[in-house]
Structure formats: C-alpha cells, structure tokens
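Breakdown of the fold
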Amino acid sequence: MSAGGSADGAAAGAVSSTHLLILGIVGGLLAIYLTGFLGDAGSVIAGLGAVCAIVWGSDAIRRVASYGLGTGVPSIGYMSLSVGVISALAGISLATILNIAIIGPIAALVIAVIIGAIIALVATKIVGMKIPIMLQCTIEIAGAACLSILAFSVAIAGSYDMTAIYENVVATGFIAVLFILCTMAIQHPFNACLGPNEDQVRTLKCAASTAFLSMTLVGLLSVASGGFGWFIVFIVGLIGWIISFRAFVVASCNDAASTKWAGLWPKVEQ
C-alpha cells in the first residue's frame, strides 16, 4: 500500500477526507446541541452524532497509519481517546464555571484540538517521527474522540450539562466503558482491513458497523437514565449495525479472490 495514495484518498471511488471531517464536526456538534430540544428522540440524534465522529476518526487513523505497517494504530487510538475524555469533561466543566452551558461542546472540541496539536508537535519535533500528516491527523483523531465520547455521554444523560453527565456517566463509571467502546470503534476498522488490497470505502463500512454496534451498547447503558430513549437508541443502533455490517461483509466477499466456509470451531480440542 502506498502511503501517498492512502493519505490523499485520491483513488477512484474514494471518499474525500474533507467531507468526512465536515461530517464528523458538523454532525457531531449539531447532534449534541439538538439533544436538549427533542426529548427521548434527542438521545438517538446524539448517538448518530457519535457515529459521524467515529467514522471521521477511523478515516484519520487510516491516513496516518498508512505511513507504517499499522502497528501504531492502537497507540494513537488509545492516546487520542484519552485526550477525548479529558477534553470533553474539561469543555463542559469550563462552560459550567463560566455559567455559559452552550459553549461546552465547542470548548471541548477546541481543547481537544489544542492538546492533539501539542502531542503531534512533540512526536514530530522531539521524538522525530517522520510522518508528514502527523499534525493534521492527530488533531482530527483527538477531535473525533472528543465528539464521540461527548455525544455518547449526552445520549446516556440526555443533556450536555455537566451535572447530568457527571451523575449519569462519570459517577456511574460509564465513562470508562465509553473510553473503551470509542477506542475500539475508531481504531479497529483499519486494523481489521489493512493489507495490500485495503480499500477506503470498505474500511469506512467497517467503521460504520463498529460505530453502530457501540451505539447499541450505549442504548443498554442508558436504561438507568429512565424513559424510553434507551430503547430507541438500542433499536436504531442495532438496525444500523445490521445494515452496515452486512455491507462490509458483502464488500469483503466482492473484493476477495475467493471465499470458503471453514465451519465452526470444534467442540473439543484436536
């Protein structure tokens, strides 16, 4: 796989990285802000916002990891999601301190971008990593991590208010679950699809499936919050996962030289 081809996404049928960036930022922020106006349906919108952010982050992972053998995917994934958790909580906390709740999600994204940029500069200027798009992609992954964590938190809490998120997400320990869910959802697609015939569209289909699967689990986590929002999030996430995972399997079979059913694992060790 050529680094330049993967990074630019210039191959025929590829999705523009700029379009995915817009999808992640606009879709993520808009979904978070709409939650407060839509009642139980708002949780679903927040979940879909997280899906947008995850797909964006997965593409950024793909572009930066294509410069190596893919061995750095888990490292940059967990690092960026750590930034996401910190920036999401810092942003809504700052909004609470200033008593301007509406700036919380935007403040969180800005903090994520700043921390991501600092990390990338340390990696390139001090550690000496020779990756031309390290700065841009680290910022994008950190931003996607922040929005996915925050959007799923809002889906559970029903609001982006710090008190609601603290009581329903942080105090319950669900923030740790979201950290793991979003990390795996963002970093898994490229790890699962990398190789000489890796294709952006197929990888993004895998990303959509991991995002919707995470949304399904977030629906179950939302049960404790009351109302019927959790069920809607669960059902929409489940339907989205079935559709996207089927699309990924079909794309994988179409791109494979041949496929063969190998059977299930044996009941006893051979």
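This text goes with the structure placed above it.
Rules used throughout
- Residues numbered from 1 in each chain as written.
- Predicted model: local features only at pLDDT ≥ 70, side-chain atom pairs only at ≥ 80, totals over all residues.
- Heavy atoms only, no water.
- Disulfide = S-S within 2.5 Å.
- Buried < 20%, exposed > 50% of the residue type's maximum accessible area, 1.4 Å probe, protein only.
- Helix = DSSP H or I, 4+ residues; strand = E, 2+ residues; numbered from the N terminus.
- Contact = heavy atoms within 4.5 Å.
- Core = buried A, V, L, I, M, F, W, Y, C linked by side-chain atoms within 4.5 Å.
- Phe/Tyr/Trp six-rings, centres within 6.5 Å; stacked < 30°, edge-to-face > 60°.
- Axes fitted to C-alpha atoms, helices over the stretch in contact; angles between N-to-C directions.
- Parallel < 35°, antiparallel > 145°, perpendicular 65-115°, else oblique.
- Nonpolar A, V, L, I, M, F, W, Y, C, P; charged D, E, K, R; others polar.
- Expected span 1.5 Å × (residues − 1).
- Polar contact = N/O pair within 3.5 Å; in protein donor to acceptor, adjacent residues only side chain to side chain.

**Some thoughts on the state of the cysteines**
All told, the structure shown has zero disulfides when counted by the stated rule. There is no disulfide at C137, and the cysteine sulfur nearest it, in C193, is 17 Å away. Owing to a relative accessible area of 0%, C137 belongs among the buried residues under this scheme.

**Topic: unusual backbone geometry**
For N99, which is not glycine, the phi dihedral falls at a positive 60°. One can find N99 in the loop between α4 (73-98) and α5 (104-127).

**Some remarks on the environment of W230**
Following the sequence through the fold, W230 ends up in helix α10 (residues 229-255). On the basis of relative accessible area, W230 is assigned to the partly exposed category, the value being 25%. Residues W230 and I149, 81 residues apart in the sequence, show an inter-C-alpha distance of 17 Å. Here W230 is in contact with G219, L220, S222 and V223, once residues within four sequence places are set aside.

**What about the nonpolar core?**
Grouped together as the largest cluster of nonpolar side chains are 66 residues, with contacts concentrated most on I149, L150, F152, V169 and L178. Elements that contribute at least two residues to this core include exactly α2 (17-34), α3 (40-65), α4, α5, α6 (134-157), α7 (162-170), α8 (174-193) and α9 (200-221). Apart from residues no more than four positions distant in its own chain, I149 is found in contact with L81, V85, A88, I175, L178, F179 and C182.

**Topic: the packing of aromatic side chains**
This model, assessed by the stated rule, comprises five aromatic pairs. A ring pair is formed by Y78 and F179, whose centres lie 5.9 Å apart and whose planes are at 50°; its orientation type is tilted. Placement of the pair is Y78 in helix α4 and F179 in helix α8, with a sequence separation of 101 residues. Plain terms: the ring middles of W241 and F245 are 5.5 Å apart, the flat faces sit at 15° to each other, and that makes the pair stacked. Of this pair, W241 and F245 both sit in helix α10, separated by four residues, roughly a single helical turn.

**Considerations on the packing of α4 against α7**
Taken N-terminus to C-terminus, the directions of α4 and α7 make an angle of 140°; their axes are 9 Å apart at the nearest point. One finds that α4 runs oblique with respect to α7. Along its contact with α4, which presents L89, I92, S93 and T96, the element α7 presents M162, I165 and V170. The class makeup of the residues in the contact of α4 with α7 is five nonpolar, two polar and no charged.

**Re α9**
With 22 residues, α9 should reach 32 Å at 1.5 Å per residue; the first-to-last C-alpha distance of 31 Å fits that figure. Taking burial as the measure, the 22 residues of α9 include 17 buried ones, the bulk of the element. N-capping of α9 is provided by D199, with a side-chain oxygen placed 3.2 Å from the backbone N of V201.

**Structural notes on α2**
Taking 1.5 Å of rise per residue, 18 residues should cover 26 Å, and α2 covers 25 Å from first to last C-alpha, within 8% of that figure. Looking at α2, one finds that the buried residues are L20, G24, G28, L29, A31, I32 and Y33. One side-chain oxygen of the residue at the start of α2 lies 3.2 Å from the amide nitrogen of T18, identifying that residue as S16.

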